[in-house]
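What follows is the residue order along each chain.
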Amino acid sequence: MLLFTPGPTPVPESVRLAMATPTLHHRTAEFESIFKETRRLLFGLMKTDEVLMLASSGTGAMEASVTNLCKDTLLSINSGKFGERFTKIAKASGLKSIEITHDWDTAVSVEEVLDTLKAHSSIDAIAMQISESAGGLRHPVEEIAKAVKALYPHIMIIADGITAVGVEPIDVTHIDCLIAGSQKALMLPPGLSILGLSHKAIETIGEGKGYYFNLASEMKKQQQNTTAYTAPTTLIMGLKAVLEEVESKGGIELLYSQTALRAKATRRALEALGLHSYPHSPAKCMTTIDDSDAQAIRDILKSTFSVNVAGGQDHLKGKIFRINQMGLIEPYEIVWVVNAIELVLAKLGRRDFDGTASRVFNEVYFNTMLGVN
Ligand SMILES: *Cc1c(COP(=O)(O)O)cnc(C)c1O
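Not measured: the values here are computed from a predicted model.

Conventions adopted
- Residues numbered from 1 in each chain as written.
- Predicted model: local features only at pLDDT ≥ 70, side-chain atom pairs only at ≥ 80, totals over all residues.
- Heavy atoms only, no water.
- Phe/Tyr/Trp six-rings, centres within 6.5 Å; stacked < 30°, edge-to-face > 60°.
- Buried < 20%, exposed > 50% of the residue type's maximum accessible area, 1.4 Å probe, protein only.
- pLDDT = per-residue confidence, 0-100.
- Helix = DSSP H or I, 4+ residues; strand = E, 2+ residues; numbered from the N terminus.
- Pairing = 2+ DSSP bridges.
- Near = heavy atom within 4 Å.
- Polar contact = N/O pair within 3.5 Å; in protein donor to acceptor, adjacent residues only side chain to side chain.
- Areas by Shrake-Rupley, 256 points an atom, 1.4 Å probe, with all protein chains shown as cover.
- Contact = heavy atoms within 4.5 Å.
- Patch = residues over 30% accessible without salt bridge, like charges linked within 9 Å, V, L, I, M, F, W, Y side chains within 5 Å.
- Salt bridge = Lys/Arg side-chain N within 4 Å of Asp/Glu carboxyl O.

(A) Region of interest: the packing of aromatic side chains. Considering all chains together, one arrives at 7 aromatic pairs under this definition. With centroids separated by 5.1 Å and ring planes inclined at 65°, the aromatic side chains of Tyr-212 and Phe-213 adopt a geometry described as edge-to-face. Residue Phe-213 is classed as buried on the basis of its relative accessible area, which comes to 19%. The structure contains a cluster of three or more aromatic residues connected by ring pairs, namely Tyr-211, Tyr-212, Phe-213 and Tyr-229.

Written out as structure tokens, the structure reads:
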């Protein structure tokens, strides 16, 4: 079965093997040197002033960022399930919250954010997804961060990059907190989250907030290459192996360009079959198609062609399917996926099979690789 869900994503063999070594005690020089090297590699990925690793799923880092960086009112951008989650976290943490809500195919604009800030002077943090995984949507986070900081330098910008870090280069100049998670673009099993912080965020954190998710106490320890509580040693060894694997495959910049090209070629191939790309501004982490046969397409893909793609959640259940683009994916795998989708459409009687999908994918992908067009 080809796992093509946008999280969890397949774990490379070298990484699985690195995690199969005997368990290390976390308070040892041996583990501290692994931690130190992982931190060094992470700084290269995140490009932020500080990085922290937490033993939690991505939502833990979302909560930690909100409770440590927001003191009064959180503005969150809800174009899907994960944006909505920031509002729920603010409410559960006793913070005030304001939400800009959109359909799941529609990104927020810079103007809307600025208008909302003008109307609500108590907002001291903004949380948004770089890629909203619910519909495969890209928000213009960097532009928003830049515009906000020009007018309100004190407002903390929290960017959930769980499906963006490791997918595309992110300009962190105006971002205070960048979040990543293990089981999506980082090709690891679930259970590790990462926070990249700006100097300004570190100032704002001060003494920190809460107990387990107190970022000040965590930071103090991690700067000494250890953790406040028991470290997720196996996942950290896995993360080190992932970052080394990416290096050995040509580096992160190459992965970014391959991912962008793969996402573009996939979308073009599926559009050539008459399928429709759901989000108005597609993210590079996944290809999302809305279709009245979405459920049947997924079922047949799995049962007949050994391809597992994700469906939609809530009101989009049965209405969309989502194909992962995150991680080290071989072109021959994704070519099979688009070809299988074309075969499914033939089975459903929607169009005759003529190899369009793989031809278009190959033209877009390999012509760009060869420098044609
Ligand atoms: C998956 C995901 C999360 C939540 O992460 P968990 O690891 O499930 O807690 C948050 N944000 C985005 C954009 C995601 O895709």
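Read on for the rest.
(B) Just the confidence of the model for the protein chain, in detail. Chain-level statistics for the protein chain give a pLDDT mean of 97 and a share of 99% at 70 or above. Highest mean pLDDT in the protein chain belongs to strand E8 (residues 156-160) (99); lowest belongs to helix H13 (residues 356-369) (95).

(C) A look at the pairing of E8. Within E8, 5 of the 5 residues are buried, which leaves it mostly tucked inside the rest of the structure. Here E8 shows a buried face lined by Met-156, Ile-158 and Asp-160 and a second buried face lined by Ile-157 and Ala-159. Direction of pairing for strand E5 (residues 123-129) relative to E8: parallel, over a ladder of 5 bridges. By the bridge assignment for E8, Ala-127 is matched with Ile-158.

(D) Quick look at the site of the ligand. Around the ligand, a shell composed of 14 residues is seen, among which Ser-57, Thr-59, Ser-133, Asp-160 and Lys-184 lie nearest. In the model, an oxygen atom of the ligand is placed 2.5 Å from a nitrogen or oxygen of the Thr-59 side chain. Contacts to the ligand include Ser-133, whose side-chain N or O atom sits 2.5 Å from an oxygen atom. Relative to its free-state accessible area of 380 Å², the ligand is covered by the protein chains to the extent of 90%. Where the shell around the ligand is concerned, the elements lending two or more residues are helix H3 (58-69) and helix H4 (81-92).

(E) Structural detail: the side chain of Thr-266. Locating Thr-266 in the fold gives a position in helix H10 (residues 252-272). Classification of Thr-266 by relative accessible area gives buried; the value is 0%. Reaching out from Thr-266, the side chain makes a polar contact with the backbone oxygen of Arg-262 at a distance of 2.6 Å. Not counting residues within four places of it along the chain, the set of residues in contact with Thr-266 comprises Thr-287, Gln-325, Ile-334, Val-338 and Phe-361.

(F) Looking closely at a nonpolar patch on the surface. Judged by side-chain polarity, Phe-366, Met-369 and Leu-370 come together as a nonpolar surface patch covering roughly 320 Å² of accessible area. When you line up the elements, Phe-366 lands in helix H13. Since its relative accessible area comes to 32%, Phe-366 is described here as partly exposed.

(G) Representation of the sheet that holds strand E14 (residues 320-324) in the model. A sheet is described by the order of its strands in space; here 3 strands give the open sequence E11-E12-E14, paired in antiparallel fashion. Two strands close off the open sheet at either side, each with one partner strand: strand E11 (276-277) and E14. Here strand E12 (residues 286-290) runs beside E14; their pairing, made up of 5 bridges, is antiparallel. Bridging from a neighbouring strand, Thr-288 pairs with Arg-322 of E14.

(H) Broad picture of the pattern of salt bridges. All chains considered together, the criterion is met by 15 salt bridges. One salt bridge in this structure joins Glu-142 and Arg-138, with 3.1 Å as the shortest N-O distance. The same class applies to Glu-142 as to Arg-138, namely buried. Put simply, Glu-244 and Lys-240 hold a salt bridge, and the shortest N to O gap is 3.3 Å. Taken together, the residues span about one helical turn, with Glu-244 and Lys-240 both in helix H9 (residues 233-248) at a distance of 4 residues. Owing to a relative accessible area of 35%, Glu-244 belongs among the partly exposed residues under this scheme. Residues participating in the shared-partner salt-bridge network are Arg-138, Glu-142, Glu-168 and Lys-284.

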